[in-house]
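Chains, contacts and geometry: an overview
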Amino acid sequence: MIHLVKVADVLATNIGVRAPAAIDTNDKNATNYWAYRLNVSPQDLADAIAKVGPSVAAIRRHLNT
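If you tally the helices and strands in the chain, you get four helices and zero strands. Along the chain, from the amino end to the carboxyl end, the secondary structure elements read α-α-α-α. Across the 65 residues that make up the chain, the buried fraction comes to 22%. In the chain, the share of contacts with a sequence separation of at least 24, taken over all contacts with a separation of at least 6, comes to 35%.

Below, the structure is given as structure tokens:
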């Protein structure tokens, strides 16, 4: 069965949704997502996490992105 909803209702539920401030290093999908978003290899991302921690802001500063 198809349930129709208003577009405004769908958009209202996603307002304020943000990416997490830290990368979950135990979640391979999360690390692959952030490697893609930061335009680095998963290994380069892992190296950056090892140096500065899982904070996305710290990793961005470290990678200069």
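In this section: helix H3 (residues 42-52). Because each turn of an α-helix spans 3.6 residues, side chains separated by three or four positions in sequence point in the same direction. Among the residues of H3, those classed as buried are Leu45, Ala48 and Ile49. Take H3 and look down its axis: the buried residues cluster within an arc of 100 degrees, on one side only. Exposed side of H3, more than 90 degrees from the buried face: Ala50 and Lys51 are the residues found there. Contacts from the buried residues of H3 go to helix H2 (28-37) and helix H4 (56-63). Positive phi appears at Gly53, one or two residues downstream of H3, with a value of about 95 degrees.

Overall, the coordinates contain one aromatic pair when judged by the stated rule. Consider the rings of Tyr33 and Trp34, whose centres lie 5.2 Å apart with planes at 80 degrees: the pair is edge-to-face. Judged by its relative accessible area of 36%, Tyr33 falls in the partly exposed class. Of the residues examined, Trp34 reaches a relative accessible area of 5% and is grouped as buried.

Reading the values: the criteria
Residues numbered from 1 in each chain as written. Predicted model: local features only at pLDDT ≥ 70, side-chain atom pairs only at ≥ 80, totals over all residues. Heavy atoms only, no water. Helix = DSSP H or I, 4+ residues; strand = E, 2+ residues; numbered from the N terminus. Buried < 20%, exposed > 50% of the residue type's maximum accessible area, 1.4 Å probe, protein only. Contact = heavy atoms within 4.5 Å. Arc of directions from axis to C-beta. Phe/Tyr/Trp six-rings, centres within 6.5 Å; stacked < 30°, edge-to-face > 60°.

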